[in-house]
Amino acid sequence: MRAGAAILSGLLVLVWTGGAFAMDAAEQVDDYLAGLDSLEASFQQYTFNADRTQMMEASGTLYLQRPGRFRWEYDKPNKQVILADGKRVYVHDLELKQVSHQSQKKALSGTPALLLASADPIEKHFRVRAIDSTDGRDWVELIPKAKDTDIVRIELGFGARTLDSLIMEDSFGQETRLNFSGARRNLKLEPSLFEIDPRAVDDFLKFD
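Worth saying up front: this structure is predicted, and the values here are computed from it rather than measured.

K.L.:
So what's going on with the packing of aromatic side chains? Which residues, and what values?
P.N.:
As enumerated under the stated definition, the model contains 3 aromatic pairs in all. The interplanar angle of 5° and the centroid separation of 4.0 Å between the aromatic rings of Phe43 and Trp72 together place this pair among those described as stacked. Here Trp72 lies in strand β3 (residues 69-76) and Phe43 lies in strand β1 (residues 38-48), a separation of 29 residues in the sequence. Ring centres of Trp72 and Tyr74 lie 5.9 Å apart, and the angle between their planes is 80°; this geometry places the pair in the edge-to-face category. Accessibility classification places Trp72 together with Tyr74 in one group, the buried group. Members of the aromatic cluster, connected to one another through ring pairs, are Phe43, Trp72 and Tyr74.

Now the structure itself:
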């Protein structure tokens, strides 16, 4: 659950405002977050084990509504939703009609998604730096300051005006890469996107 929230939260900086590194990397992220209310984007996800053998390929759509709400909707290979309503994070397996959930504060600790519910500057929770590019894109690295997080490193790769790629490494050496497309910023999203319909669930599993 925590890993899913961390992946999703990379989209906080999905639509860059241009001039990617005219200022300090942390300052640039803080600047962008100040004007972000909502976001919708498509994603392709690739997951690799510690030996960099591909384990999974997935795709879907992200919906983000600040403060504190998001929906990470998987279409392939299985229908699944990771959802935050401002208080709790839910993982909904649509085929099994099963939902597991825990407090949002605990689930998002040490992940960039923490910024959804916090007005703190990014450098309070992460060490942020620009890193050298080998592909013509601008890259930012985020290292969580929290000691109990499963996520050890996140890299964000920016093209001309948008986030093209996100690379995340967890404490087991597993790496997840995402490619984004079709981002739309500050559009009106239906509140029902961030709600679990109890009629579609047979089992609720609480983890705190």
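K.L.:
For the sheet that holds strand β10 (residues 163-170), give the residues involved together with the corresponding values.
P.N.:
An order of β7-β8-β9-β10-β11-β1-β2-β3-β4-β5-β6-β12 is seen for the 12 strands of this open sheet, with the pairing classed as mixed. Of all strands in the sheet, those bounded by a partner on one side alone are β7 (126-131) and β12 (203-206). The average undirected angle you get between the axes of adjacent strands in this sheet is 20°. One ladder, built from 5 bridges, connects strand β8 (residues 138-144) with strand β9 (residues 151-158); its direction is antiparallel. Note that in β9 the partner of Asp138 across the bridge is Phe158.

Calculation notes
- Residues numbered from 1 in each chain as written.
- Predicted model: local features only at pLDDT ≥ 70, side-chain atom pairs only at ≥ 80, totals over all residues.
- Heavy atoms only, no water.
- Phe/Tyr/Trp six-rings, centres within 6.5 Å; stacked < 30°, edge-to-face > 60°.
- Helix = DSSP H or I, 4+ residues; strand = E, 2+ residues; numbered from the N terminus.
- Buried < 20%, exposed > 50% of the residue type's maximum accessible area, 1.4 Å probe, protein only.
- Pairing = 2+ DSSP bridges.
- Axes fitted to C-alpha atoms, helices over the stretch in contact; angles between N-to-C directions.

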